[in-house]
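The residues making up each chain are set out below.
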Amino acid sequence: MDAIVQFLPEFGEAFLVTLSLLAFAGLGALVIGAVIAAMRISPVASFRAFATAYTELFRNIPLTLTLFFCASVLPYLQFNPGYYPLALIGLTAYTSPFVAEALRSGINGVAVGQAEAARSIGLPFGQVLTLVVMPQAFRMVIPPLINVFIALTKNTSVAGAFFVVEIFAVARTAANERGDAVIPILLAAAVLYLVITIPLGFTAGRIEKKLAVLR
Amino acid sequence: MTSVLYDAPGPRARRRSLIISIVGVIAIVGGLVALVMGLAAPRVLPNGAESPGLLDGSRWDIFLDVQIWRLIGEGLLATLRMAGVAAVFAIIVGILFSFGRSANSRWIRLPSTVLLEFFRGMPVLLMILFILLVLGVEPFWAGTSALAIYNGAIIGEALRAGIQALPAGQRESGLALGLTRLRTRFIIEFPQAFRQMLPIIIAQLVVLLKDTALAYIVGYPELLRTTTTYIANYVGNRYMFSLFFVALAIYLVMNLILSWVARFVARRSGPKLGKTGPETPTVLDGPDGVKAAAESSWGSGHPN
């Protein structure tokens, strides 16, 4: 127990770093993912092809490789804004295709009649999408999007292996320093992650139930 | 391609779409060319010496050496070994979890639910570290068991959902024949649940294969560590980029093939989602929409 108390300040700061990674990478992924999803269903063929290639490529590269690229290869290519921004770039790039896929599945879930009705009153593609389909789709994709963010929370731990001082990194150094208290230290780190992921999962479940009643 | 989101394009819309397409292609290709030129350009290092560009032959000549490919092959084999062993154990753990979660006794059901939520909410990397430090096993088993437990928890939930989705008559008829509950589960329920959930399980195995790269962090000589650390130390750091690039390409090929298999299986045997009536699939964005919806609401939609 004293080991946890000893590392409490470090854990506190690390928790905030993890939260900020989650917030910024989540926001970035949401923006890029929305653009990719819109490109993927647009009438323009080259955008569709680009968005498909982007999704397929980034989804199938292991996160460790993405972050390795950001932390080692990018500085090697003389782009080095520091490990924290590099980790943000990596996490955003890795998460955005999953956001795009979630949004796209939501768009697929909107009843066809909605889009048909919008088109029949003469709305063009942009308005069909932004006024009729997207608002309904967005409501449906909140639970899967939350799942993406839960995964992102857990994925921030990999940034800890690439020199960002977040929960995993602090747990590792603390466990190395206090070999006698490895179990409590690692359990404390696990609890910090669960403090973020379990309420998120709970919210997703609640929203899902609510929508299930409405539909 | 037509879609419900927009009308079949007329001549003007087609022309406009073509123009945007061409501009888009030029922009995308231009960006790629700029990137490649940037990579290929030689650089002057801070100490005044000039280093050759990343596409220069002197950075790629090691790949003519069979020895290097043998080493890369060893790394690949180590990755596949971990993924294979972890996959077998993940399915076993998944079956156990599905039993625990649907047990009749609350004393089994509640602890296994708590355990499952715990395993699902924790980063795999932390689990690997935990097993490594607390049990003191070698990195291979730390990575393998963490991957088996984590993915097993997810496969277990999938199996449970599959069993629950079966018509109640399946179980009842088994019991009526005089089979024990265990035999009913194994002979009647599991085979059907497995078949139903196969796409999810395969998609989860793609995640598992991807996650073996986490073992890099605890020093297991898998593909990434072999290429970017061991081989790079041996042949010199200037090959780091090329070696990383080759490792990346190998991962991409493996994962794309497995994803493709998952999709193929999903098309053939998966739950038919989005079907409202005969031959009227609710697809808003083309023929692969239903499949994409099925996929992203299931396993491979989870980036973990």
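Residues numbered from 1 in each chain as written. Chains lettered and ligands numbered in written order. Predicted model: local features only at pLDDT ≥ 70, side-chain atom pairs only at ≥ 80, totals over all residues. Heavy atoms only, no water.

The condition that has to hold: UniProt positions are given in the numbering used here, feature names are shortened, and annotations may be inferred rather than shown by experiment.
In the annotation of an unreviewed UniProt entry, chain B is listed under the name Amino acid ABC transporter membrane protein 2 (PAAT family) and assigned to Homoserinimonas aerilata. Under the UniProt heading Sequence similarities (unreviewed entry), the entry covering chain B gives this text: "Belongs to the binding-protein-dependent transport system permease family." In its Subcellular location (unreviewed entry) section, UniProt records this for chain B: "Cell membrane".

In the nomenclature of an unreviewed UniProt entry, chain A corresponds to Amino acid ABC transporter membrane protein 1 (PAAT family) from the organism Homoserinimonas aerilata. Recorded in UniProt under Sequence similarities (unreviewed entry), the annotation for chain A is "Belongs to the binding-protein-dependent transport system permease family. HisMQ subfamily." In UniProt, chain A has this text filed under Subcellular location (unreviewed entry): "Cell membrane".

1. Points about the side chain of B:Glu222
Residue and element names in this part refer to chain B. Note the threshold: The helix and strand labels rest on DSSP assignments: H or I over at least four residues marks a helix, E over at least two residues marks a strand, and numbering proceeds from the N terminus. Partly exposed residues are those whose accessible area sits between 20% and 50% of the maximum for their type, while under 20% is buried and over 50% is exposed, using a 1.4 Å probe and protein chains only. In this tally Asp and Glu are treated as negative and Lys and Arg as positive; neither His nor the chain ends contributes. The rule for a salt bridge is simple: a side-chain nitrogen of Lys or Arg has to be within 4 Å of a carboxyl oxygen of Asp or Glu. Here a polar contact means two N or O atoms within 3.5 Å. Within protein one must be a hydrogen donor candidate and the other an acceptor candidate, and residues neighboring in sequence count only if both atoms are side-chain atoms. Whether two residues are in contact is decided by their heavy atoms: any pair within 4.5 Å suffices.
Examined against the element boundaries, Glu222 turns out to sit in the loop between helix 7 (181-211) and helix 8 (223-235). For the buried Glu222, which has no salt bridge, the nearest side chain bearing the opposite charge is Arg225, at an N-O separation of 5.6 Å. Engagement of the side chain of Glu222 in a polar contact is seen with the side chain of Tyr251, the distance being 3.0 Å. Ignoring sequence-local partners within four residues, the contact set of Glu222 consists of Gly75, Ala78, Thr79, Thr212, Ala213, Ala215, Tyr216 and Tyr251.

2. A closer look at unusual backbone geometry
Residue and element names in this part refer to chain A. With phi around 70°, Phe163 is a residue other than glycine that occupies positive phi space. Turning to its location among the elements, Phe163 is positioned in the loop between helix 7 (125-161) and helix 8 (167-177). We classify Phe163 as exposed; its relative accessible area is 55%.

3. Let's talk about the packing of aromatic side chains
Residue and element names in this part refer to chain B. For clarity, the threshold we go by: Geometry of aromatic contacts follows a simple scheme: Phe, Tyr and Trp rings, the Trp one being its six-membered ring, pair when their centres are within 6.5 Å, and the pair is stacked under 30 degrees between planes, edge-to-face over 60, tilted otherwise. Whether a charge sits over a ring depends on NZ of Lys or CZ of Arg being within 6 Å of the ring centre and within 35 degrees of the ring normal.
This structure, assessed with the given rule, holds 22 aromatic pairs over all chains. Ring geometry for Trp60 and Phe63: centres 5.8 Å apart, planes at 40°, overall tilted. With a centroid separation of 5.6 Å and 50° between ring planes, the pair formed by Phe63 and Trp69 is classed as tilted. Given the relative accessible area of 13%, Phe63 is considered buried. Classification of Trp69 by relative accessible area gives partly exposed; the value is 40%. Positioned above the aromatic ring of Tyr216, the side-chain terminus of Arg225 is 4.5 Å from the ring centre.

4. Things to note about the nonpolar core
As a rule of thumb, nonpolar side chains are buried together in soluble globular proteins. The following threshold applies: The definition of a nonpolar core used throughout is a set of buried Ala, Val, Leu, Ile, Met, Phe, Trp, Tyr and Cys residues joined through side-chain atoms within 4.5 Å.
Counting 125 residues, the largest nonpolar core has A:Phe11 and B:Leu126 as the members making the most contacts within it. Residues in contact with A:Phe11, not counting those within four places in the same chain, are A:Ile167, A:Val170, A:Ala171, A:Ile185, A:Ala189 and A:Leu192.

5. Examining the UniProt feature "domain: ABC transmembrane type-1" (unreviewed entry) in chain B
UniProt feature "domain: ABC transmembrane type-1" (unreviewed entry): in the numbering of this structure it lies at residues 76-262 of chain B. Counted over residues 76-262 of chain B, helix gives 84% and strand 0%. Its end C-alpha atoms are 21 Å apart.

6. Regarding the pattern of salt bridges
Two side chains carrying opposite charge are able to pair once their charged atoms lie near each other. Per the stated rule, a full pass over the model turns up twelve salt bridges over all chains. Residue A:Arg104 is joined to A:Glu101 by a salt bridge in which the shortest nitrogen-to-oxygen separation is 3.3 Å. In this pair, A:Arg104 and A:Glu101 are both assigned in helix 5 (residues 83-109), three residues apart and thus about one turn of the helix distant. The pair formed by A:Arg104 and A:Glu101 is uniform in burial state, with each residue classed as buried. The shortest N-O distance in the salt bridge between A:Arg178 and A:Asp180 comes to 3.0 Å. Within this structure, A:Arg40, A:Glu56, A:Arg59, A:Glu101, A:Arg104 and B:Arg263 form a network of salt bridges that share partners.

7. Thoughts on the interface of chain A and chain B
Taken together, the contacts link 63 residues of chain A with 65 residues of chain B. Taken together, the links from chain A to chain B amount to one salt bridge. At the boundary of chain A with chain B, the tally comes to 14 residue pairs in polar contact (both at pLDDT 80 or more). Those elements that place two or more of their residues in the side of chain A that touches chain B are helix 3 (45-59), helix 4 (63-76), helix 5, helix 6 (112-120), helix 7, helix 8 and helix 9 (182-214) of chain A. Considering each element in turn, the side of chain A that touches chain B owes the most residues, twelve residues, to helix 7 of chain A.

8. What about the environment of B:Val206?
All names here are of chain B. Tracing the chain through its elements places Val206 in helix 7. Among the residues examined, Val206 registers a relative accessible area of 7% and is labelled buried. Residues Val206 and Leu258, 52 residues apart in the sequence, show an inter-C-alpha distance of 6.3 Å.

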